[in-house]
Amino acid sequence: MNFENRMDAGRKLAALLKNFKGEGAVVYALPRGGVVLGAEIAKAIGAPLDLIITRKIGHPYQSEYAIGAVSENGHSVLNKEEVLEIDEKYLTEEAEKQKEEAKRRRLLYLGNRKPVPSKGKTAILVDDGIATGLTMKAAIKELKLHYHPKKIIVAVPVVPKDTAKELESQGVEVVAVDIPETFLGAIGSYYRDFSPVEDDEVIKILRKEAEYDRLFVPAV
């Protein structure tokens, strides 16, 4: 086991990002698990914490198996090999469904708070680990097209070496505690405690952030 839990992973990751303290970076976490780590990093480097919400597009016959991902603004990334035999109508409808779910979650987690801008700044994208990288690729696309940061750093506790290379080919920097040659097959294999993070925990964490407290307006 590399990490006791997400808080431990966040602290270890924050230690690798200490050079960004006072540099005006913005931390964007992928909910739900990434928010726990994002809060640790934001606190350590004195940066605001916001969300980039992406949703996986599941296989029509096995919904937990991701064949793509989509952001709340509709930017999608697909596994080209996996979708060759998938009905296009299904892909379109499922992408739209997940886009709306991403929007619903933003309202749930953040109310009417406006996104934290990062134009000309460093954006740090945080999750609790990466396997295929589909949701992270969708998040990168969202950041590039809507936030226009100067630099994007993907910060995760663990990512397979080949996936890290794929992400770096998109012009981002990958910072990770562990980049294994041979991936164990599941992110949870690297944690002693990988319990699910619930919505109320995400909301509680966000409300503790000073930037969130200042800007939050409850949804009606």
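Further up the page is the structure itself.
Calculation notes
- Residues numbered from 1 in each chain as written.
- Predicted model: local features only at pLDDT ≥ 70, side-chain atom pairs only at ≥ 80, totals over all residues.
- Heavy atoms only, no water.
- Helix = DSSP H or I, 4+ residues; strand = E, 2+ residues; numbered from the N terminus.
- Rg over C-alpha atoms; globule rule 2.2 N^0.38 Å.
- Buried < 20%, exposed > 50% of the residue type's maximum accessible area, 1.4 Å probe, protein only.
- Contact = heavy atoms within 4.5 Å.
- Areas by Shrake-Rupley, 256 points an atom, 1.4 Å probe, with all protein chains shown as cover.
- Lys, Arg positive; Asp, Glu negative; His and termini not counted.
- Charge placed at Lys NZ, Arg CZ, Asp CG, Glu CD.
- 1 Å grid on protein atoms, 1.4 Å probe; cavity = no way out; pocket = protein on both sides within 12 Å on 5 of 7 lines; lining within 4 Å.
- Points joined across faces, edges and corners; volume = space filled by probe spheres on them.
- Nonpolar A, V, L, I, M, F, W, Y, C, P; charged D, E, K, R; others polar.

### Things to note about the overall build of the protein
Looking only at helices and strands, the protein features seven helices and eight strands. Taken against the 2.2 N^0.38 rule, which gives 17 Å for 220 residues, the C-alpha radius of gyration of the protein at 17 Å falls within 12% of a compact globule. Across its three principal axes, the protein shows a C-alpha extent of roughly 50 × 45 × 35 Å. Across the 220 residues that make up the protein, the buried fraction comes to 50%. Nonlocal contacts in the protein, meaning residues at least 24 apart in sequence, comprise 68% of its contacts between residues at least 6 apart. For the protein, the exposed area adds up to about 11,200 Å²; of that, 49% sits on carbon and sulfur atoms. Of note, the protein has its 33 positive side-chain charges centred 6 Å away from the centre of its 34 negative side-chain charges.

### Topic: the layout of surface pockets
The method is simple in principle: a probe with the dimensions of a water molecule rolls over the atoms, and the space it marks as empty is what remains. The computed volume of the largest pocket comes to approximately 1,200 Å³. If you go around the largest pocket, you meet 42 residues; those closest to its centre are Lys 56, Glu 64, Asp 127, Thr 135 and Ile 187. At the level of secondary structure, the elements contributing two or more residues to the lining of the largest pocket comprise helix H2 (33-45), strand S3 (54-59), strand S4 (62-71), helix H3 (88-110) and helix H4 (134-146). Split by residue class, the lining of the largest pocket holds 16 nonpolar, 16 polar and 10 charged.

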